[in-house]
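Here are the chains, one letter per residue:
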Number of protein chains: 2
Amino acid sequence: MIILDGKSIKNQILDNIRLEVIKLKDKPKLVVIQVGDDPASCVYVNQKKKMAEYVGYNFEHINLPESVSEDEVIKIIDKLNEENGVDGILVQMPLPNHLNSKIIQNRIIPSKDVDGLTDINTGKLVHNCASLISCTPKGIVDLLDAYKIEIRGKHAVIVGRSDLVGKPLVNLLLNRDATVSICHSKTKDLSTITKLADILIIAIGKKEFIDESMIKDKSIVIDVGINRVDNKLYGDVKFDTVSKKASYITPVPGGVGPMTIAELAKNVLCAYKINRQ
Amino acid sequence: MIILDGKSIKNQILDNIRLEVIKLKDKPKLVVIQVGDDPASCVYVNQKKKMAEYVGYNFEHINLPESVSEDEVIKIIDKLNEENGVDGILVQMPLPNHLNSKIIQNRIIPSKDVDGLTDINTGKLVHNCASLISCTPKGIVDLLDAYKIEIRGKHAVIVGRSDLVGKPLVNLLLNRDATVSICHSKTKDLSTITKLADILIIAIGKKEFIDESMIKDKSIVIDVGINRVDNKLYGDVKFDTVSKKASYITPVPGGVGPMTIAELAKNVLCAYKINRQ
């Protein structure tokens, strides 16, 4: 069994980007908009800031009060859309209930949408012509590629159908010639399907939901879950027992999480090239 | 075994639309752009014209020479995009090789994209907020609904991953709470997966490819194939034997084909409401 070490692959990716950024005359710039001060969001924004500082990007953190109106957020995005020095715009989710995240997300112009979540970039992904792809799904595929794990012809089973992970992953894996199944809370006989998976990806946010009885022998298991219980992190997979049966597995933390950050760094550089070169 | 009679459902849908159109002051208008004179394309354009005449839409057929340039097609689309009296614009596929169908397709403004194939409408479908959805997938779901066949919690297996059918169908069925698997030419052990299907949808364009050994007992079989051999039409499913094992099955012709036309009629009316009301 081999551990898919996302942290070390992330470090390689960031080091390569850092070397590329040194040679650029103007530095790429990432702007993160955060509404309110949810502690988890603060952690994620801080990770992005650290990444940006490490690779040499300019970084701006716009922290708006919880009470901000949709119009105000939209005005800020419109201004950033037009600003030449801004390459990537990202709105930290989740937003407070009075803000419509779909409207706000889609206000970002596609060429600066480094989260790849606008309708148009999502459609481009379906049609296999996207430049900016949602970071977590892209990170999973890049992690498999880093370990030279063949995707083509494999049966990939995804558990969880979020806009952020499950849905874009279907299209990304399909574009890479995998057979893809997607399961969720309404799926009956889940383990019948998960046991068919050559590559099993779990993104449901339930602590240690997948055990060894639900996976195929020698399968590749990707755990997207990050569940904090009593200040300890757990994945969606019962690592101790599943890792004995799998051929490859991602740890939590240190697997998919770091890859998400690495992909954001790649997307900002890609947006810079689209916007300025 | 029950035959899913797309033709009769289509007639009901068109009759309802016809009654609605009579009450409208201005008639909805559909414009079909055809390049060249491929015989199959002529048949399909003619079906659309007949539908439009039946329900009372204005219809314009713009038939461009095979040699037309991309710029000329784009100019025509731009003009139609701006024309107030035009509600739906459709470019008949396939286009000659010198024209980039993705660029041409995406030139249609989303509110007149009655084929639902632009990147933005595709992305909206993924995010479950689309108004104009690709006609064949929508027709399949409406046919199941017409027969009160529950989709939620069912395992739907799609064979074929075209932009026109397979890919939008994944998202449409997922939005309806099905568990969805998508197979294609690179899938290994296809019948292992097709035999798990509660709802099996075949859209690969291979005459009688699916036989009774590949389906589950009492499953629902949707045949999207239209294969013309020696001037006779065949589906992708071996109807004679599969129909003995299935609980519901679509015939070819008379199943999914008519539903596609019915959905186009619905999309034109929907576009009219978006654009003019």
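The model shown is predicted, which means the values in this text are computed figures rather than measured ones. Within each chain, residues carry numbers counting from 1 in the order of the written sequence. Chain labels run from A onward and ligand labels from 1 onward, assigned in the order the entries are written. Local features in this predicted model are restricted to residues whose pLDDT is 70 or higher, and side-chain atom pairs enter the listing and the counts only when it is 80 or higher, whereas totals over whole chains, interfaces and linings include all residues. As a rule here, side-chain values cover all heavy atoms of the structure and leave hydrogens and water aside.

Quick notes on the domain arrangement of chain A
We apply this condition: How far each domain reaches was decided by an automatic or database domain assignment.
What the domain assignment reports for chain A is domain 1 (25-109) and domain 2 (135-256). Measuring from the centre of the C-alpha atoms in domain 1 of chain A to the corresponding centre in domain 2 of chain A gives 29 Å.

Focus on the sheet that holds strand 2 (residues 29-35) of chain A
Residues and elements named next belong to chain A. Stated formally: Following DSSP output, two strands are said to pair if at least two bridges run between them. Strands are runs of DSSP state E lasting at least two residues, helices are runs of H or I lasting at least four, and both sets are numbered from the N terminus onward. Angles shown run from 0 to 180 degrees and are taken between the N-to-C directions of axes, each axis being a line fitted to C-alpha atoms and, for helices, limited to the stretch in contact. We call two residues contacting when some pair of their heavy atoms lies within 4.5 Å.
Spatial strand order, 3-2-4: three strands in an open sheet with parallel pairing. The sheet terminates laterally at strand 3 (58-64) and strand 4 (88-91), the two strands that pair on one side only. Adjacent strand axes in the sheet meet at a mean angle of 15° when their direction is disregarded. Pairing analysis gives four bridges linking strand 2 to strand 4, with the strands arranged parallel. Across the sheet, the residue bridging to V32 is L90, located in strand 4. Packing of helix 2 (residues 39-55) onto the sheet brings it into contact with strand 2, strand 3 and strand 4, and relative to strand 2 it is tilted by some 170°.

Describing the nonpolar core
Defined as follows: Throughout this description, the term nonpolar core refers to a set of buried Ala, Val, Leu, Ile, Met, Phe, Trp, Tyr and Cys residues connected via side-chain atoms within 4.5 Å. Burial here depends on accessible area, computed with a 1.4 Å probe over protein chains only, as a share of the maximum for the residue type. Under 20% is buried, over 50% is exposed, and the range in between is partly exposed.
Among the nonpolar cores identified, the biggest contains 108 residues, and A:Y57, A:L173, A:I222, B:Y57, B:L173 and B:I222 are the most heavily contacted of them. Once residues lying within four places of it in the same chain are set aside, the contact partners of B:I222 are B:L4, B:I140, B:L144, B:I199, B:L200, B:I201, B:I202, B:T250 and B:V256.

With respect to the relation of the copies chain A and chain B
Convention followed: Least-squares superposition of the copies uses the C-alpha atoms of those residues scoring a pLDDT of at least 70 in each of them.
With an RMSD of 0.0 Å, the fit of chain A onto chain B corresponds to turning through 180° and sliding 0.0 Å along the axis. Given the turn and translation reported, the copies of this chain are related as if by a two-fold rotation axis. Interface overlap between copies is the fraction of interface residues in one copy that are interface residues in the other; for chain A against chain B it reaches 100%, indicating a shared surface.

Thoughts on helix 5 (residues 119-126) of chain A
Most of helix 5 of chain A sits inside the fold, with six of its eight residues counted as buried. All buried positions along helix 5 of chain A are accounted for by A:D119, A:N121, A:T122, A:G123, A:L125 and A:V126. In this structure, the buried side of helix 5 of chain A is in contact with helix 4 (101-107) and helix 7 (166-175) of chain A together with helix 5 (119-126) and helix 7 (166-175) of chain B. Positioned one or two residues after helix 5 of chain A, A:N128 has a phi angle of 60°, which is positive.

Let's talk about the pairing of strand 6 (residues 179-183) of chain A
Residues and elements named next belong to chain A. Quick note on the threshold: For crossovers, right-handed means that the path from the first strand over the helix to the second runs clockwise, given strands pointing away from the viewer.
Within strand 6, five of the five residues are buried, leaving the element largely enclosed by the surrounding structure. Side chains T179, S181 and C183 project from strand 6 onto one buried face, and the interleaved V180 and I182 project onto a second face that is buried too. By the bridge criterion, five bridges tie strand 5 (residues 155-159) to strand 6 in an arrangement that is parallel. The residue bridging V157 from the neighbouring strand is S181, located in strand 6. With respect to chirality, the unit in which strand 5 leads through helix 7 into the neighbouring parallel strand 6 is right-handed.

What to know about the packing of aromatic side chains
Residues and elements named next belong to chain A. Put simply, the rule reads: Geometry of aromatic contacts follows a simple scheme: Phe, Tyr and Trp rings, the Trp one being its six-membered ring, pair when their centres are within 6.5 Å, and the pair is stacked under 30 degrees between planes, edge-to-face over 60, tilted otherwise. Charge over a ring is defined by NZ of Lys or CZ of Arg lying within 6 Å of the ring centre and within 35 degrees of the ring normal.
Evaluation of the coordinates by the stated rule reveals zero aromatic pairs over all chains. Note that R18 overlies the ring of Y54, its terminal NZ or CZ placed 4.3 Å from the centroid. The ring of Y234 has K207 sitting right over it, with the charged end atom 4.3 Å from the ring centre.

Concerning the pairing of strand 8 (residues 220-223) of chain A
Residue and element names in this part refer to chain A. Burial along strand 8 is two-sided: I220 and I222 and V221 and D223, pointing in opposite directions, are all buried. Note: strand 7 (residues 199-202) against strand 8, four bridges, orientation parallel. Considered in strand 8, the bridge of I202 is made with D223. Bridge count for strand 8 against strand 11 (residues 248-249) is two bridges, and the pairing is parallel. The residue of strand 11 that forms the bridge with V221 is I249.

Topic: the sheet that holds strand 5 of chain A
In spatial order, the strands read 1(A)-11(A)-8(A)-7(A)-5(A)-6(A)-6(B)-5(B)-7(B)-8(B)-11(B)-1(B); together these 12 strands make up an open sheet with mixed pairing. Each edge of the sheet is formed by a strand with only one pairing partner; in this case those strands are strand 1 (2-3) of chain A together with strand 1 (2-3) of chain B.

Considerations on the side chain of A:S247
Residues and elements named next belong to chain A. This is how the line gets drawn: Identification of polar contacts relies on pairs of N or O atoms within 3.5 Å, with a donor-acceptor requirement for protein atoms, meaning one able to donate a hydrogen and the other able to accept it, and with residues adjacent in sequence counted only if both atoms are side-chain atoms.
Mapped onto the elements of the fold, S247 is located in the loop between helix 9 (239-245) and strand 11. For S247, a relative accessible area of 17% gives the class buried. A polar contact of 2.9 Å, which involves the side chain of S247, links it to the backbone oxygen of K218. With residues near it in sequence (within four places) discarded, S247 still touches M1, I2, K218, S219 and I220.

Thoughts on the interface of chain A and chain B
This is how the line gets drawn: Buried area adds together the accessible area that both of two parts lose upon being put together, with accessible area traced by a 1.4 Å probe. By convention in these notes, a salt bridge is any Lys or Arg side-chain nitrogen within 4 Å of a carboxyl oxygen on Asp or Glu. Three categories are distinguished: nonpolar for Ala, Val, Leu, Ile, Met, Phe, Trp, Tyr, Cys and Pro, charged for Asp, Glu, Lys and Arg, and polar for the others, with Gly belonging to the last.
Taken together, the 35 residues of chain A in the interface contact 35 residues of chain B. For the pair chain A and chain B, the summed buried area comes to about 3000 Å², and 59% of that belongs to carbon and sulfur atoms. Summed over the shared surface of chain A and chain B, the result is four salt bridges. For A:D119, the salt bridge identified is with B:K124, shortest N-O distance 3.7 Å. Of the residues contributing to the side of chain A that touches chain B, the split by class is 12 nonpolar, 13 polar and 10 charged. Taken together, the three bridges between strand 6 of chain A and strand 6 (residues 179-183) of chain B define a ladder with antiparallel strand orientation. Paired with A:I182 across the bridge in strand 6 of chain B is B:V180.

Describing the packing of helix 6 (residues 135-146) of chain B against helix 7 of chain B
Relative orientation and spacing of two packed helices are given, respectively, by the angle between their axes and the distance between those axes. Residue and element names in this part refer to chain B. The line we're drawing: Here is the rule for handedness: rotate from the far helix to the near one, and if that takes an anticlockwise turn smaller than a right angle the crossing is left-handed, while a clockwise turn gives right-handed.
Where helix 6 contacts helix 7, the two axes come as close as 8 Å, and the packing angle between them is 35°. The two elements helix 6 and helix 7 cross, and the hand of that crossing is right-handed. Contact residues: P137, K138, I140 and V141 in helix 6; P168, L169, L172 and L173 in helix 7. Of the residues in the contact of helix 6 with helix 7, the class split is seven nonpolar, no polar and one charged.

Details of the confidence of the model for chain A
Any region with low pLDDT has predicted coordinates that should not be read closely. Let me state the cut-off plainly: Each residue carries a pLDDT score, the predictor's confidence in it, ranging from 0 to 100.
When pLDDT is averaged across chain A, the result is 97; 100% of the residues are at 70 or more. Across the interface, the model reports ipTM at 0.96; the global pTM reads 0.97.

Structural notes on unusual backbone geometry
Between A:V252 and the following residue, A:P253, the backbone shows a cis peptide bond with an omega angle of -5°. Note on placement: A:P253 falls in the loop between strand 11 and helix 10 (256-276). Residue B:P94 follows B:M93 across a cis peptide bond; omega there is -5°. Looking at where B:P94 falls in the secondary structure, it is placed in the loop between strand 4 (88-91) and helix 4 (101-107). Of note in this structure, A:E208 is not a glycine but carries a positive phi near 50°. Within the element layout of this structure, A:E208 appears in the loop between strand 7 and strand 8. A:E208 sits in the partly exposed class, given a relative accessible area of 29%.

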